[in-house]
Amino acid sequence: MLELPSYHAIAAMVITILMFVGFVRGRMSIEIVSLLTIAVIAVGLYFFPLEGTRPIDGLALAFGGFGHYALITICALMVMGRGLVVTGALEPAARILESVFRMNLQIGLLVSLLIAFFLSMFVNNTPVLVLMIPIFAALAQRGAMPTSKTLMPLNSASLLGGLATTIGTSTNILVVSIAVDLGMREIGVFDFTPIVLVAGLIALPYMWLVMPRMLADNRTDTQENVRRFHTRLRIAEQSDLVGKEVGEITDKLPKTIEFHGYGAGPIQAQQRLHISGTHEGLEDAVRVLKGELAPNWVLDRIKRNAAAQDADIMVVEMTVTADSRLITRTLPSSGIADLYGVAVLGIHRPERLLGERDQYSEGGDLRITEGDVLLVMGLNEDLQAFARADSLLMLEGGRELPRRSKAVLAAAIMGVAVFTASIGIFPIAISALAGAILMFVTGCVKFDRVGRALSGQVIVLVAASIAIGRVIDESGAAAWLGEALSLGLGYLPPALVLAAIMAFVTVLTNFASNATAATVGTPIAFSIAAQLGLPPEPLVLAVLFGCNLCYATPIAYQTNMLIMAEGNYDFADYVRTGVPLVLLMVATLSVLLALWYGL
């Protein structure tokens, strides 16, 4: 006879349901719902402590998530990811994937999903996602699919890959270890890989073709608002353009680049070509064509000053006001580089002025007029001085140039952290924290910029999920749910028994934690197998699979929260795309398990 749950267990289940409802309805922000959840747990356990505990222990349980190793790990991984971005370490990988996406967006996404799937079979999927998130953020900036449409499928593919071997995730190892302690033979690394590969043939098309269509484009900047800058590209001696016609090299350049006023004939070294394009497009053109957008002596001086002052080089946009001395001047005649030590890389002329006749100097340089937007590079102090002295309005959205001198170092730090975690030398928490510290010490990430790497939303969400997981476990709610489940399975066929166990563990792992689900679910699976006269191995695998079906909520697994800020996802995105995938996987895996074991 199943006894009624304790009032603590009932309260834990009610709080979990209310938190879920609050997230899904979206009337309050995720941060507010998370903080309210923590507050309710703290106050409730202070006045009504768990059996055998003190009131102060309830506060430790509620607020312990803020110092939990999982949260520290996630923050450290964010810092390392930031280091890869600000040093430009992932630009080569991004360009390779960009070439695939240029051929076909759908093929590019499929290749990426397969890479994530197969890597996660042998390497913990958290480092895999950490490596891929900044790559796809860079791809989105280059005009590929937005991160909101790629990161969720990538995360799902990596979770599915981690399901395929006993070493794919730490939870798999935990389930196998508990099962061995209970008397079952040790499951081999690839014993159930064929089952997951067949399930992958069904799940991957959903991740590839359906999931991106269910996700909105969450980019804040639309392509229509991107400014196009006109500039002079200075052709260096070693440029690929020398001796070639423009038509021969246009395929290598971004689609946003246009040549203006160029006649026939081969291009000569030291020639200055009038081109236009977006900021990102101009950067790509400089890299591909080995040219410069400003005189070399100016760029070299900026780099020397940055190295001497240990300062970042910034690129900002400035609007020319009516009082500026630059009006009617050209860039060569303005003396900007000599006076302020900054370089103007290009000029954007707003649409409202396009009807007016552009004025050029005898040398063919555009004369600056009110309303023009200058793309300016330099150190922050020099840029501020330039804006004040010449009556320019500095626009928001300035960005730092990648510190490419530290790119190899940042990549090495990330590589060592990922490698040591993937082969089990150190836990991911230790390797990630050590990597983040090294990023700071070596200057790959600066202390005063760390706030840009971290997401407050993710931090409070992780803390709340840890508190919920602990209260569900320690209140006895998880154990009671398992006992209730076992009572109703005696009348079901084996495939439905497997599906019920997998669904139960999936619910636990999506609202508590996969460790809790593994700890509670594995003994229950053994008990049910004994009661029903079934072999324990398929039921234990049902628990293992359920622990990894972490698709339906952002709190289910740390990689779900890693992608949340970069993809600009909300709770409903996880539910909308994850629940169908969970149902698909539960149905597929339970049938395959029954067939594989002849049940």
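So, here is what we can say about the structure in this document. (Residues numbered from 1 in each chain as written. Predicted model: local features only at pLDDT ≥ 70, side-chain atom pairs only at ≥ 80, totals over all residues. Heavy atoms only, no water.)

**Quick look at the overall build of the protein**
Phase 1: Regarding its fold elements, the protein presents 24 helices and nine strands.
Phase 2: For the protein, restricting intrachain contacts to residue pairs at least 6 apart in sequence, the fraction spanning at least 24 positions comes to 79%.
Phase 3: Of the roughly 26,500 Å² of accessible surface on the protein, 61% is carried by carbon and sulfur atoms. (Helix = DSSP H or I, 4+ residues; strand = E, 2+ residues; numbered from the N terminus. Contact = heavy atoms within 4.5 Å. Areas by Shrake-Rupley, 256 points an atom, 1.4 Å probe, with all protein chains shown as cover.)

**Looking at the packing of aromatic side chains**
Phase 1: Counted under the stated rule, the structure contains five aromatic pairs.
Phase 2: An angle of 90 degrees between the planes, with centres 5.1 Å apart, marks the rings of Phe117 and Phe118 as edge-to-face.
Phase 3: Overall, the relative accessible area of 2% leaves Phe117 in the buried class.
Phase 4: Taking 5.9 Å as the distance between ring centres and 75 degrees as the angle between the ring planes, the aromatic pair formed by Tyr569 and Tyr574 counts as edge-to-face.
Phase 5: Among the residues examined, Tyr574 registers a relative accessible area of 0% and is labelled buried. (Phe/Tyr/Trp six-rings, centres within 6.5 Å; stacked < 30°, edge-to-face > 60°. Buried < 20%, exposed > 50% of the residue type's maximum accessible area, 1.4 Å probe, protein only.)

**Overview of unusual backbone geometry**
Phase 1: With a phi angle near 80 degrees, Thr328 is a residue other than glycine that sits in the positive phi range.
Phase 2: Topologically, Thr328 is positioned in the loop between strand S5 (313–320) and helix H13 (331–334).
Phase 3: Although it is not a glycine, Asn568 sits at a positive phi angle of roughly 55 degrees.

**So, the packing of helix H20 (residues 494–511) against helix H22 (residues 536–548)**
Phase 1: Orientation of H20 relative to H22, taken along the N-to-C sense of each, is 35 degrees, at an axis distance of 7 Å. Crossing hand, H20 versus H22: right-handed. Residues Leu498, Ile501, Met502, Val505, Thr506 and Thr509 of H20 pack against Pro538, Leu539, Ala542, Val543, Phe545, Gly546 and Cys547 of H22.
Phase 2: Here the residues of the contact of H20 with H22 are counted per class, giving 10 nonpolar, three polar and no charged. (Axes fitted to C-alpha atoms, helices over the stretch in contact; angles between N-to-C directions. Left-handed = near helix turned anticlockwise from the far one by under 90°. Nonpolar A, V, L, I, M, F, W, Y, C, P; charged D, E, K, R; others polar.)

**Describing the state of the cysteines**
Here is the idea: a disulfide is a covalent bond, and it sits between the sulfur atoms of two cysteines.
Phase 1: Evaluated as defined, the whole model comprises zero disulfides.
Phase 2: Not part of a disulfide, Cys550 finds its nearest cysteine sulfur in Cys547, a span of 7.9 Å. (Disulfide = S-S within 2.5 Å.)

**What about the pattern of salt bridges?**
Phase 1: Across all of its chains, the model carries eight salt bridges by this definition.
Phase 2: Where Glu537 meets Arg185, a salt bridge forms, and the shortest distance between an N and an O atom there is 3.0 Å. On the criterion of sequence distance, the pair formed by Glu537 in helix H22 and Arg185 in the loop between helix H9 (170–181) and helix H10 (193–214) is long-range, its members being 352 residues apart.
Phase 3: Of the residues examined, Arg185 reaches a relative accessible area of 45% and is grouped as partly exposed.
Phase 4: In this structure, the salt-bridge partner of Glu317 is Arg227, at a minimum N-O distance of 2.4 Å. Within this pair, whereas Glu317 is found in strand S5, its partner Arg227 is found in the loop between H10 and strand S1 (229–235), the two being separated by 90 residues in sequence.
Phase 5: One salt-bridge network, in which partners are shared between bridges, spans Arg185, Asp191 and Glu537. (Salt bridge = Lys/Arg side-chain N within 4 Å of Asp/Glu carboxyl O.)

**What about the packing of H20 against helix H24 (residues 571–596)?**
Phase 1: It is the contact of H20 with H24, at a shortest axis distance of 8 Å, that shows an interaxial angle of 140 degrees. Between H20 and H24, the interaxial angle falls into the category oblique. In this structure, the crossing between H20 and H24 has a hand that is right-handed. Note on element contacts: H24 touches H20 through Val582, Met585, Val586, Leu589, Ser590, Leu593 and Ala594, opposite Ala495, Leu498, Ala499, Met502 and Thr506.
Phase 2: Looking at side-chain class alone, the contact of H20 with H24 contains 10 nonpolar, two polar and no charged residues. (Parallel < 35°, antiparallel > 145°, perpendicular 65-115°, else oblique.)

**Examining the environment of Phe426**
Phase 1: Here Phe426 shows up in the loop between helix H16 (407–422) and helix H17 (428–441).
Phase 2: Look at Phe426 and you get partly exposed, because its relative accessible area is 41%.

**Details of helix H3 (residues 55–63)**
Phase 1: Buried within H3 we find Gly58, Leu61 and Ala62. For H3, the angular spread of buried residues about the axis comes to 95 degrees, placing them on one side. (Arc of directions from axis to C-beta.)

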